[in-house]
Amino acid sequence: MLLAKPWFCAWVILYTQRQAHIILSFTSTRNGRLEEMNTRTTKNSTPLIIALTMTLGGLSATSLAIDPSYTLVNQQTGINATTVPAPGYTGQHNVMSGGMSVGDFNNDSWPDLYISGLGTTPDMLYINQQDGTFIDEADLYGIAYTHYGFGSAVGDVNNDGLPDLYVVSYGPSDAQATTAKNLLYINNGPDKNGQYSFSEQAAQRGVNDIFGIVGGKGVCFGDMDLDGDLDLYVATWGFFENGNRLYENDGTGHYTDVSQAVLPENDTIIRGFTPKFVDVNNDRYPDLLLTADFTTSFLYINNGPDENGQITFRDTTEESGIVDNNNGMGATVADFNGDGMLDWFMTNIYVETASYYNTLYMGLGNNESANPNFLNQATVRGVGDIGWGWGVVSGDHDNDGDIDMVATSGWPSWPSVPTRFWSNDGNANFSDIANITGLTFNINGRGLIQFDYDHDGDLDLAFVDNGGPFRIYRNNLGFDDFTRYLRINLNTDNHPCLAPMGYGTRVVATYNGQDHLRVVDGSSGYLGQSEMTIHFGLADQAVVDQVRIEWNDGTVTTLVDVPADQELTVFAYHQLDFTQDGNFDYFDISTFLQTYMAGDLGADMNDDGSLDFNDIMSFIMQFPTPCG
């Protein structure tokens, strides 16, 4: 049986040559052969529905795993953007600019791409046409705005199931750069003709004037208080204090600046570039990892709620070993050596004579104070030099089961360094094989994202070249028995206690005798955001033994015997939401009672395998405050 709760169902949607066939059964498929897929739930498990999107490819007679190769496909995809900053950016901000973000802005399960026009052209929104091409529909969506743009992030801020877009801006490029011009595009969904659009609402939602100065850079979403909505952090690079801001969501997508009350006192002028919300001490509460310039990177650990429910953070930067960072620019977080602990990589400026290198902080677990310990091993693991580094992404680009990295760099008058492709040997020892992959170019790289834009099961890349043409590269890894994969999307739209889009969830896939950890941290990087789909390369494994989904409310869903070479969407529902509509009302009470009277174990509220009065009491006690 697929699901432990018998009143659940699942839709399996099988895509073959873009023809959709709906099968009402708990099945998956590989090359047209239907196979049963099972799940099991653990105590306090989260009910779910699984939707399966298959991408089929032809088998090849390859006997060995292969390195990826990339092809520049701007012409083929229709993305012929240029990213030249306007001269009106103040100071050196123009040279630092160039970002983009991935989001499924029309909810068709295909990744779209927002690109900042940098003041010389209107912002672009390339909508995926599901055939390997894109069309810029920024005008139709209402965001074709010519302005001094910087960082961006994607998140459902008002919990309506539609991805919204936040953009750091210095205002229209026909005027002097100024403050209070940041943008929050709220997704309106489709009109009667099916056309999606955005409405700009930053001012009315309290997030247009973050800084009081011109200097905003990166931005990230995360559910810092685990209340089921997305909070916002925006970083500033400047010569003034109080530029970096933390905003709390009130549950409706309106924000309040809580920086002073929540963040630790810090007299340092943080030259912020890349913030990330991610839990690095395994208490479920997301911590703040601040990658910043001029030795001002910080690690703030989330204390969780106090007796009044107030979230605060503590500064553990030095105690945690974050001590070698000199000029932090871009960042990525992953479990590079497969030990179940997250590692933190930051691009830096490489100056060998001054011992300035990138930093790769390998996670060592928590100390007795529940603070994480890290050890910088960038140089000994082969990832110390990227020149003047900026964007970086981490993912399994060759589908061999471990996490690789790609990084970009460049600065005027600085020695030019080509793009790096650091291939992981499985133990977090890296070698640069960019010359093998075809990523053999030197650019003034800034933003860098990864996404599977063509749904062929491997990770593609896109680069912003500051002052040059935008670049998108297709991964030609291909489909064979040695490059298998599993991709998972998380949908929490109808679970009011979980953050939208699966933010904060940990997913562990077990295959070939090893656990492989991924975290849904928003995939934020330098001035943008990659796709949030969880990607596992499986090498030659045809079945994943177990997928353990650890939701950020502490509940767990376990899938077992999951076939390879597919993309799943897992829908989460609260245990008390018997009608699965995202609400708690009379209809849930009625359905619970009917389920209980029928002797159905779907009413086993305390997960003891039997039905009795304790289940009724458990339901009654939880129902008034289902989110705790």
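Residues numbered from 1 in each chain as written. Predicted model: local features only at pLDDT ≥ 70, side-chain atom pairs only at ≥ 80, totals over all residues. Heavy atoms only, no water.

## Overview of the state of the cysteines
Line of reasoning, step 1. Tallied over the entire structure, the rule returns one disulfide.
Line of reasoning, step 2. Two residues share a disulfide in this structure: Cys 497 and Cys 627, whose sulfurs sit 1.9 Å from each other. For the disulfide bridge between Cys 497 and Cys 627, the dihedral angle about the S-S bond is near -80°, and by the sign convention the bridge is left-handed. Of the two residues, Cys 497 is situated in the loop between β37 (484–491) and β38 (506–511) and Cys 627 in the segment after α7 (613–622); the sequence distance between them amounts to 130 residues.
Line of reasoning, step 3. In this structure Cys 627 comes out as partly exposed when scored by relative accessible area, which is 48%. (Disulfide = S-S within 2.5 Å. Helix = DSSP H or I, 4+ residues; strand = E, 2+ residues; numbered from the N terminus. Buried < 20%, exposed > 50% of the residue type's maximum accessible area, 1.4 Å probe, protein only.)

## What about the sheet that holds strand β24 (residues 311–315)?
Line of reasoning, step 1. Reading across the sheet, the four strands line up as β21-β22-β23-β24 and stay open at both edges, with antiparallel pairing between neighbours. Unpaired on one side and paired on the other, β21 (271–278) and β24 mark the two borders of the sheet. Across the sheet, the mean angle separating the axes of adjacent strands is 25° when strand polarity is ignored.
Line of reasoning, step 2. Note that strand β22 (residues 287–293) and strand β23 (residues 298–305) share three bridges and pair antiparallel. From the neighbouring strand, Leu 288 faces β23, where its bridge partner is Tyr 300. (Pairing = 2+ DSSP bridges. Axes fitted to C-alpha atoms, helices over the stretch in contact; angles between N-to-C directions.)

## What about helix α6 (residues 586–597)?
Line of reasoning, step 1. Look at α6: 17 Å from first C-alpha to last across 12 residues, which is about the 16 Å you get at 1.5 Å a residue.
Line of reasoning, step 2. Every buried residue of α6 is accounted for by Asp 588, Ser 590, Phe 592, Thr 595 and Tyr 596.
Line of reasoning, step 3. In this fold, the buried residues of α6 make contact with α7.
Line of reasoning, step 4. The N-cap of α6, judged by a side-chain oxygen 3.1 Å from the amide nitrogen of Phe 587 a few residues on, is Asp 585. (Expected span 1.5 Å × (residues − 1). Contact = heavy atoms within 4.5 Å. Polar contact = N/O pair within 3.5 Å; in protein donor to acceptor, adjacent residues only side chain to side chain.)

## What about the nonpolar core?
If you look at soluble globular proteins, the nonpolar side chains tend to sit buried side by side.
Line of reasoning, step 1. Tyr 166, Ile 488 and Val 547 are the most contacted members of the largest nonpolar core, which totals 60 residues.
Line of reasoning, step 2. Residues lining this core come from more than one domain, with at least three contributed by each of domain 1 (81–111 + 122–190 + 201–475) and domain 2 (484–571).
Line of reasoning, step 3. For Val 547, the residues in contact, after removing those within four places along its chain, are Leu 486, Ile 488, Val 507, Val 508, Ala 509, Thr 557, Thr 558, Leu 559 and Val 562.
Line of reasoning, step 4. Counting 19 residues, the second largest nonpolar core, distinct from the first, contains Tyr 233, Val 258, Phe 277 and Phe 298. (Core = buried A, V, L, I, M, F, W, Y, C linked by side-chain atoms within 4.5 Å. Domains from an automatic or database assignment.)

## Concerning α7
Line of reasoning, step 1. Of all the positions in α7, only Asp 615, Ser 618 and Phe 619 are classed as buried. What you see down the axis of α7 is that its buried residues fit within an arc of 100°, all on one side. Facing away from the buried side of α7 by over 90 degrees, the exposed positions are Phe 613 and Met 621.
Line of reasoning, step 2. Here the buried face of α7 lies against α6.
Line of reasoning, step 3. Its side-chain oxygen at 3.0 Å from the backbone nitrogen of Asn 614, Asp 612 defines the N-terminal cap of α7. (Arc of directions from axis to C-beta.)

## Looking at the confidence of the model for the protein chain
Line of reasoning, step 1. Here the protein chain averages 90 in pLDDT, while 89% of its residues score no lower than 70.
Line of reasoning, step 2. Taken as a whole, residues 1–43 scores under 50 in pLDDT and shows 119 contacts with residues more than four places along the chain or in a different chain.
Line of reasoning, step 3. Below pLDDT 50 for its whole length, residues 53–63 participates in 30 contacts with residues either more than four positions away or in separate chains. (pLDDT = per-residue confidence, 0-100.)

## Comments concerning the sheet that holds strand β17 (residues 216–222)
Line of reasoning, step 1. The antiparallel open sheet is built from four strands, whose spatial order is β17-β18-β19-β20. Since the sheet does not close on itself, it has two edges, and those belong to β17 and β20 (255–257), each with one partner. Strand after strand, the sheet turns through a mean of 25° between neighbouring axes, direction not considered.
Line of reasoning, step 2. Looking at chain direction, strand β18 (residues 231–236) and strand β19 (residues 245–249) are connected through three bridges and run antiparallel. Bridging from a neighbouring strand, Leu 232 pairs with Tyr 247 of β19.

## What about the environment of Leu 527?
Line of reasoning, step 1. Note on placement: Leu 527 falls in the loop between β40 (524–525) and β41 (528–529).
Line of reasoning, step 2. Counting along the chain gives 309 residues from Leu 527 to Gly 218, while the straight-line C-alpha distance between them is 4.8 Å.
Line of reasoning, step 3. Ignoring anything within four residues of it in the chain, the contact list for Leu 527 reads Met 96, Ser 97, Gly 98, Gly 99, Met 100, Phe 150, Gly 151, Ser 152, Lys 217 and Gly 218.

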